Amino acid sequence: MKKLSFLIVLGVFFTAFLPSQQVQADPNPLSDAISLAKVIAEGIDKGCDNLRESGALQKRCKNLDCIPVACISFRKACGSLSDCEK
Amino acid sequence: MRKVFINIIAFLFLYGCGKKENTALVTGVDDQFSVKLDTVLIQPSRSSQVGRFEWTGSEVLYIDHLYGFIESYSPEGNFIKRELRILQGPEELASISSVSAHEYGFTVKGEGWTFYEHDKEWKFQRKYTVYADAAYEVDQLIQNPVASSTMMYELQHYNDHFPVSGDYFYAKVDCEHPTFNAFINPSFYKEAFLVAKISRRDGKMEELLYHFPETYQQYRFVPFHIFFDFHIGSSGKHWLTFEIDPTIYVYDASKSLVGTFGVPGVNMRTSYPETRTLDVAFDTDLYRQSRFKDGFYKDIFVDEEANLVFRTYRTGTNNQTIGEESENPLRLQIYEAEQLVSDIAVPVKFRLIGKVADRRYIADGFYDETAEKQGFYVLSF
């Protein structure tokens, strides 16, 4: 699980330093996302979905909250809301 | 002695029963009828003012999220009893997120994706955690997203509710796959599913329903306005409203689109800022700004028997500072036979939850942390 957290945080860190491409720009977000996808895929535990039964599934930061999400989510891991406010 | 007696009577009157205040008379857009909004204050045994109200069909439930309990009140605001509270045991309810009252009892959402079933007497029946059929390896799915796979979806956290129909409940879902998501992929707005039908036996996501309407194709992209709301009528019909779309969509029990209606709200700020990169997903200021400044459609409630549809919308604000969504003004549209008959300002947390009688409805909710007061609204016309 630590490996998963580390890799997700690494992925988020990686994307945070990509040049910001706002409205009207001609971005290439898909290649950025594929890089991120590879990072996440390597970090996901086998049987991630089943971990929910034991309550072991990580929470991640989403829309001003720290909540359980799907295994495939690109969001960064959190233990509590304060982790998302950093 | 007489003074003490009067004080005791006054105390019992104030705290022993609901207290009505703030009756507001508001008029519809075309004056076909007037709408009255009362606030009924309640006095829970203790309250964090962080909670919600729900309607059982005969009683109002107050759910306190922080203290973790459910209490029932009459529509007049009189305390009836404490129904449920969180407990410490490993198999017991550890927190209460929301409650859905239905003909078989109550479905309570606890921590995460775990649900608890209770009968009509609030006796615990079973618990389960929502899960998806593992038809794919997760790493395969990350490389090659499959929009129709339930493994792709998670329970939508924003403004969630879980209407029950038979052995199933329906839940809003969201997908945040690294490449198939609302931030970077146009096909998301065509192929992503929005509602999951979930078994009340074991929590399995059985079926995925509905896609975004065509309106979303006009934007590249509006990831902070992908929220929507739905209402299931007693006939099995579904009504859906989407944040950026003035149209209300009606589906029959077999999930076929059978009608559309709806008109734009008054003075809504609808110049939605578009974003095209995934990094905006991590920018909480952008999210907060969208929820505070933009106008968007919000909740829908249907009184099928009376052929009335209620929909709320936020108008958006000109304010240069960043505020919370709860500070974004809210208005209520009322449609009768699919024709707009009223459009009025309502309190910022107003959300219709049930029908008490003909043209009389209960709504969540009034919360004042400073004054330590809370209550529900009664809308009548």
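Quantities reported herein were computed from a predicted structural model and do not represent experimental measurements.

Draft legend 1. Representation of the sheet that holds strand E18 (residues 245–251) of chain B within the structure. Residues and elements named next belong to chain B. If you trace the 4 strands from one edge of the open sheet to the other, you get E16-E17-E18-E19, paired in antiparallel fashion. Edge positions in the sheet fall to strand E16 (228–232) and strand E19 (257–261), since each has one partner strand and no second. Each neighbouring strand pair of the sheet contributes to a mean axis angle of 20°, computed without reference to strand direction. For E18 and E19, the ladder comprises 4 bridges, and the chain directions are antiparallel. What sits directly across from Val-250, in E19, is Gly-259.

Draft legend 2. Looking closely at the confidence of the model for chain B. Residue and element names in this part refer to chain B. Of the residues in chain B, 91% have a pLDDT of 70 or more, and the chain-wide mean is 89. Across residues 1–17, where pLDDT falls below 50, the model places 4 contacts with residues more than four positions away in sequence or in other chains. Interface scoring of the predicted complex returns ipTM 0.83; its pTM is 0.86.

Draft legend 3. Inspection of unusual backbone geometry at higher detail. All names here are of chain B. In this model, Arg-220 is joined to Phe-221 through a cis peptide bond whose omega is -10°. Each neighbour pair has its own omega, and for Asp-364 with Gly-365 the value is -20°, a cis peptide bond. Structurally, Gly-365 is set in strand E25 (residues 360–368). With a phi close to 50°, Asn-267 is a non-glycine residue in the positive phi region. On the secondary structure map, Asn-267 appears in the loop between E19 and helix H4 (284–293). Although it is not a glycine, Asn-307 sits at a positive phi angle of roughly 60°. You can see Asn-307 is positioned in the loop between strand E20 (296–303) and strand E21 (308–314).

Draft legend 4. Expanded view of the environment of Asn319(B). Residue and element names in this part refer to chain B. Tracing the backbone through its elements, the reader meets Asn-319 in the loop between E21 and strand E22 (330–336). Accessibility expressed as a C-beta count within 10 Å gives 11 for Asn-319, which makes it exposed. Distance from Asn-319 to Tyr-67, taken between C-alpha atoms, is 34 Å for residues 252 residues apart in sequence.

Draft legend 5. How the structure looks around the pairing of strand E5 (residues 69–73) of chain B. Residue and element names in this part refer to chain B. Most of E5 is tucked away: 4 of the 5 residues are buried. Pairing geometry for strand E4 (residues 60–64) and E5, over 5 bridges, is antiparallel. By the bridge assignment for E5, Tyr-62 is matched with Glu-71. In this antiparallel pair of consecutive strands, E4 and E5, the connection spans 4 residues, and Gly-68 shows a positive phi of 70°. With 5 bridges connecting them, E5 and strand E6 (residues 79–85) associate as antiparallel partners.

Here is what the cut-offs are and how they apply
- Residues numbered from 1 in each chain as written.
- Chains lettered and ligands numbered in written order.
- Predicted model: local features only at pLDDT ≥ 70, side-chain atom pairs only at ≥ 80, totals over all residues.
- Pairing = 2+ DSSP bridges.
- Helix = DSSP H or I, 4+ residues; strand = E, 2+ residues; numbered from the N terminus.
- Axes fitted to C-alpha atoms, helices over the stretch in contact; angles between N-to-C directions.
- pLDDT = per-residue confidence, 0-100.
- Contact = placed C-beta atoms within 7 Å.
- Buried ≥ 20, exposed ≤ 12 C-beta atoms within 10 Å, placed from the backbone.

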